[in-house]
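The chain contents come next:
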Number of protein chains: 2
Amino acid sequence: MIKVAILGYGVVGSGVYEVIHKNEKSIAKKTGGKAIQVKYILDLRDFPDHEEPHLFTKNFDDILQDPEVSIVVEVMGGLSPAYEYSRAALYAGKNVVTSNKELVAEHGTELMEIAKEHNVNYLFEASVGGGIPIIRPLNQCLAANEIEEIYGILNGTTNYILTKMITEGSDFAGALAEAQRLGYAERNPEADVEGYDACRKIAILTSLACGKYVNWRNVETQGITSITRSDVAFAEKYNAVIKLIGFAKISPDGAVYIRVCPMVISKEHQLSDVNDVFNAILVKGDSIGDVMFYGRGAGKLPTASAVVADVIDAAKHIHINKIITWKKVDHDFLVDPSSVVGRFFVRANSKAVIDDFANAEFLGNDGDEWFFITKEMTENAFTETFANRGAFLRVLD
Amino acid sequence: MIKVAILGYGVVGSGVYEVIHKNEKSIAKKTGGKAIQVKYILDLRDFPDHEEPHLFTKNFDDILQDPEVSIVVEVMGGLSPAYEYSRAALYAGKNVVTSNKELVAEHGTELMEIAKEHNVNYLFEASVGGGIPIIRPLNQCLAANEIEEIYGILNGTTNYILTKMITEGSDFAGALAEAQRLGYAERNPEADVEGYDACRKIAILTSLACGKYVNWRNVETQGITSITRSDVAFAEKYNAVIKLIGFAKISPDGAVYIRVCPMVISKEHQLSDVNDVFNAILVKGDSIGDVMFYGRGAGKLPTASAVVADVIDAAKHIHINKIITWKKVDHDFLVDPSSVVGRFFVRANSKAVIDDFANAEFLGNDGDEWFFITKEMTENAFTETFANRGAFLRVLD
């Protein structure tokens, strides 16, 4: 019998409880006969109508000091006290499983090191891609590859909003309001629509893929708030759609180009069909070529199912560290994004702008807004010539 | 240092050797510092120009009796002597990694049991989906789910042929000849085009998902040899494409409906965009909903990279059985396919056939061939009414 404590009984926490109960028997098969049982749930709120009210505690020490608890599921979110609790649990020789991308992106390096020292595991499959298996495939299934690129649609909220704008011609504000109404976007949607959530996720994936900690603060990040209906319409004219993409390219010399921004994507591209709250992540390895992982990037049960998969893995590896790790390095290995070459989708505020770009592909105009796509050039060269005369998006080639 | 022996130096075997060499350093990081080294290559042929000729042996006993060899990579294909060698290696306490779907589909149950008894592993990620991670995700990442459905495009050769027929209007014979010219199809293409390869793969996936051995011989299997240009054209008219699908549905009571057949798939469906030699596998779990895995289903390096990922996993779990397993059960849990309800895409040899199907959707005719789609009905009811007056395909709904 493996005893588990759940920290935080919100959407994901209650999903974890539900999945562990519902699939009790098949889970026990997967661990080789060891049943998994929730012994504690930590939450400051009261849940008087819960079917097992005796599980609840408001005191983390109850969990920390109970030697029977070998796995702590941290699904509180936020940095504090999630960080302190995770740290203490690992020091106490307990495995920690989390869906907390903020914490992994911020303190993952340290927490994985503590786990290693204490021969336990810090597992975070659910921190990226919700239920989509990506952390473990990246670490294990693609272990024989040098990863060259990882990119994809990492945030369901923004993908829902953009899908609405593309298929129904909504504007950003209207699509956001609809997403909030349906519970896909939070009342304060900043973390999603400004790209911060996608940024933490691509930082985690890239750290894993290149073995070096990528600080999410250093990732050039742009959200979707300034995308207009005409942007969507002229992308359509170009047989393309606009998607928020987390992108990383790892050179053989270890340099990493990483950024989050809305991109213009040809409808021929696999990612262009990924709609609504779905996520998809493309990984390019030197041996395997392109592999894509697709599914629900968020939601109670998908995320809970990823958490519980880690719980099962932890149960199979009590006191065996699984060597999932990246290191902090003190040199800067991030490529200056302004030196990177690409094409640009431009919404210019005067027709004259086009003349400054040789061989640009003109798409048309909507009143005083002139749309065109540049040929390949460095971002530096582009911004210098463009001189802020309108807005632009990058093209995914 | 972990010493490995490769059995069979064909396409996959030489790929395994290449990947282990090329990514030596990053592989050592993934195993926690243990380098992986090829100590033997077993092949009956001579490779005088190989860079390490001293690795070659024609005698399996050299490998079996060398206690230094802890991992045997069986990439010979076929049942014998692959079966005898794998068995002997497991009995000798060596881990076995394979890409041999024939062997896994036939003797996997026994080989996994021997592995468990001897506290080693029998791993076969590369047996399904080439380089696409699917076995491990199914076992580990989706471990918290009851799997309800698994289906997808599991054979690259037939998908290449069908893609040619769809996009270039080729007929089956022409597309097959082109696939053979490019090395995508073998000179004797039966295993691919008759669906036997896809059948073994869906049998393996389903065995894993339901925990019970599905004998591939009992899987209703139909290939793509009788698909015509007009089938493709009228599917197109219906905004659909024809793909060879391995399909399994697992009921909560444990009953399994499994089959391999070409299916008519709406262009709205994710699988409809999977072209050329690519494979894609959709898994539906009770918690996670739909997840899709997409990538190159075959080829030297993709398959080798899946094999080497298993080698790394085995190296991290020397003498720890990973509990990947299904059991043989003595009752029959396969659903009689003729009782299953679905819609049928019909190429009838007379117009009169349509009148026998109430509410059929008429698609048109090509000379004496009349195309229509039935409403939902059991396969039994369909075949009785249809009475072999032409040909038909199933619709994926």
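Data block above holds the structure.
First, a word on scope: everything that follows refers to the structure included in this document.

Rules used throughout
- Residues numbered from 1 in each chain as written.
- Chains lettered and ligands numbered in written order.
- Predicted model: local features only at pLDDT ≥ 70, side-chain atom pairs only at ≥ 80, totals over all residues.
- Heavy atoms only, no water.
- Pairing = 2+ DSSP bridges.
- Helix = DSSP H or I, 4+ residues; strand = E, 2+ residues; numbered from the N terminus.
- Contact = heavy atoms within 4.5 Å.
- Axes fitted to C-alpha atoms, helices over the stretch in contact; angles between N-to-C directions.
- Core = buried A, V, L, I, M, F, W, Y, C linked by side-chain atoms within 4.5 Å.
- Buried < 20%, exposed > 50% of the residue type's maximum accessible area, 1.4 Å probe, protein only.
- Parallel < 35°, antiparallel > 145°, perpendicular 65-115°, else oblique.
- Left-handed = near helix turned anticlockwise from the far one by under 90°.
- Nonpolar A, V, L, I, M, F, W, Y, C, P; charged D, E, K, R; others polar.
- Buried area = accessible area lost by both parts, 1.4 Å probe.
- Salt bridge = Lys/Arg side-chain N within 4 Å of Asp/Glu carboxyl O.
- Polar contact = N/O pair within 3.5 Å; in protein donor to acceptor, adjacent residues only side chain to side chain.

Moving on to the sheet that holds strand β5 (residues 95–98) of chain A. Residue and element names in this part refer to chain A. The 6 strands are arranged β3-β2-β1-β4-β5-β6 in an open sheet whose pairing can be described as parallel. Of all strands in the sheet, those bounded by a partner on one side alone are β3 (56–57) and β6 (122–123). Here 4 bridges tie strand β4 (residues 69–74) to β5, and the two strands are oriented parallel to one another. Across the sheet, Val73 pairs through a bridge with Val97, a residue of β5. Running at roughly 155° to strand β2 (residues 36–42), helix α1 (residues 11–22) makes contact with β1 (2–7), β2 and β4 of the sheet.

Before going further, it helps to spend a moment on the nonpolar core. Among the nonpolar cores identified, the biggest contains 167 residues, and A:Tyr122, A:Phe345, B:Tyr122 and B:Phe345 are the most heavily contacted of them. Considering each element in turn, this core owes the most residues, 9 residues, to helix α10 (residues 196–210) of chain A. Residue contacts for B:Phe345: discarding those within four places in its chain leaves B:Asp231, B:Phe234, B:Ala235, B:Val264, B:Leu363, B:Phe371, B:Phe372, B:Ile373, B:Ala391, B:Phe392, B:Leu393 and B:Val395. With 36 residues, the next largest nonpolar core counts A:Ile245, B:Ile153, B:Val241 and B:Tyr257 among its residues.

On to the pairing of strand β13 (residues 341–348) of chain B, then. Residue and element names in this part refer to chain B. Among the 8 residues that make up β13, 7 are buried, leaving the element largely enclosed by the rest of the structure. Relative to strand β16 (residues 377–378), β13 runs antiparallel, the two sharing 2 bridges. From the neighbouring strand, Val341 faces β16, where its bridge partner is Thr378. Across 6 bridges, β13 lies against strand β17 (residues 390–395) in antiparallel orientation. Bridge pairing in β17 links Arg343 to Val395.

Our next topic: the packing of helix α5 (residues 101–117) of chain A against α10(A). All names here are of chain A. The interhelical angle for the contact between α5 and α10, taken along N-to-C directions, is 50°, at an axis separation of 9 Å. Taken together, α5 and α10 sit at an angle that is classed as oblique. Helix-helix and strand crossings are classified by hand; for α5 and α10 the assignment is left-handed. Residues Lys101, Glu102, Val104 and Ala105 of α5 form the contact with α10, whose own contacting residues are Asp197, Arg200, Lys201 and Ile204. Of the residues belonging to the contact of α5 with α10, the class tally is 3 nonpolar, no polar and 5 charged.

So, about helix α11 (residues 229–237) of chain B. Every α-helical turn comprises 3.6 residues, leaving residues that sit three or four positions apart pointing alike. Every buried residue belonging to α11(B) is among B:Ser230, B:Asp231, B:Val232, B:Phe234 and B:Ala235, and all of these are buried. Those residues of α11(B) hidden inside the fold are in contact with α7 (156–168), β9 (240–250), β13, β14 (361–366) and β15 (369–373) of chain B.

Glancing now at the interface of chain B and chain A. Taken together, the contacts link 48 residues of chain B with 48 residues of chain A. Roughly 4000 Å² is buried in total at the junction of chain B and chain A, and carbon and sulfur atoms are behind 54% of that figure. It is B:Cys141, B:Ala144 and B:Tyr294 that lose the most area in chain B upon contact with chain A, and together they represent 14% of the buried surface on that side. Across the chain B-chain A interface, the total number found is 2 salt bridges. Of the charged contacts in the structure, one is a salt bridge between A:Asp286 and B:Lys22, with a shortest N-O distance of 3.5 Å. Taken together, the links from chain B to chain A amount to 19 residue pairs in polar contact (both at pLDDT 80 or more). Secondary-structure elements contributing two or more residues to the side of chain B that touches chain A are α1 (11–22), α2 (24–30), α6 (135–141), β12 (289–296) and α12 (300–316) of chain B. Tallying contributions element by element places α12(B) first for the side of chain B that touches chain A, with 8 residues.

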